[in-house]
Every structure is written in structure tokens, then in C-alpha cells.
Amino acid sequence: MNRINPDKLQHSKWTAARPENGEKHFLVVDLLRDDNDNVVQVVLEAVLTRRRITQAWRALKNDETWRIGWQ
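Now for a description of the structure that goes with this document. (Residues numbered from 1 in each chain as written. Predicted model: local features only at pLDDT ≥ 70, side-chain atom pairs only at ≥ 80, totals over all residues. Heavy atoms only, no water.)

Next up on the list: the sheet that holds strand E5 (residues 66-68). Sheet architecture is open: five strands sit in the order E4-E3-E2-E1-E5, paired in antiparallel fashion. Each edge of the open sheet is held by one strand with a lone partner, namely strand E4 (52-56) and E5. Recorded for the sheet is a direction-independent mean angle of 35° between the axes of neighbouring strands. Of the pairings in the sheet, the one linking strand E1 (residues 13-20) to E5 comprises three bridges and is antiparallel in character. Each bridged residue has a counterpart across the sheet, and for Ala-16 the counterpart in E5 is Trp-66. (Pairing = 2+ DSSP bridges. Helix = DSSP H or I, 4+ residues; strand = E, 2+ residues; numbered from the N terminus. Axes fitted to C-alpha atoms, helices over the stretch in contact; angles between N-to-C directions.)

In this structure, Leu-9, Trp-14, Val-42, Leu-44, Leu-60 and Trp-66 are the most contacted members of the largest nonpolar core, which totals 14 residues. Secondary-structure elements contributing two or more residues to this core are E1, strand E2 (23-33) and strand E3 (39-46). Looking at which element gives the most residues to this core, the answer is E3, with four residues. In this structure Leu-9 touches Ile-4, Trp-14, Val-28, Leu-31, Val-42, Trp-57 and Leu-60, once residues within four positions along its chain are discounted. (Core = buried A, V, L, I, M, F, W, Y, C linked by side-chain atoms within 4.5 Å. Buried < 20%, exposed > 50% of the residue type's maximum accessible area, 1.4 Å probe, protein only. Contact = heavy atoms within 4.5 Å.)

Right, let's get into the pairing of E2. The pairing of E1 with E2 spans four bridges and is classified as antiparallel. When the sheet's bridge partners are listed, Trp-14 is paired in E2 with Phe-26. Pairing analysis gives seven bridges linking E2 to E3, with the strands arranged antiparallel. Paired with Val-28 across the bridge in E3 is Leu-44.

So this is what it looks like as C-alpha cells:
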């Protein structure tokens, strides 16, 4: 399981463990916060296609889906 500090996710790099549509490398481009300023979701942008996906930041902790850095 990846250890993550949600406040340091901005501009972090991630590699999809199981790439789809040729999209392997992603960059966190935005953090979505709640009313208490806690990070709730992240917006990931595929480097190759610029497609954006939004998901819960805790999903990045699953090392079967995401790997820290570009590998």
C-alpha cells in the first residue's frame, strides 16, 4: 500500500499499474477539497492524451492500481 500525504499530491506523478488506451503516466493537476479544506478527490491528467479523470485521493494508495512516480 502506497503511503501518501494528501496535501503534497499536487503535481505528483503516477503510473497506472494496468494501462488502458495507451495511458500509462499521469500527473495530479488539481486537488478537490471539502468545506474543511481537506483533500477529497484528485484530478489526474494523462500525459499522452491530456484526458482527465477524477477520483478519490485514497484510490492512489492501492498499489495494484497505481504506482508512485513514472516507471
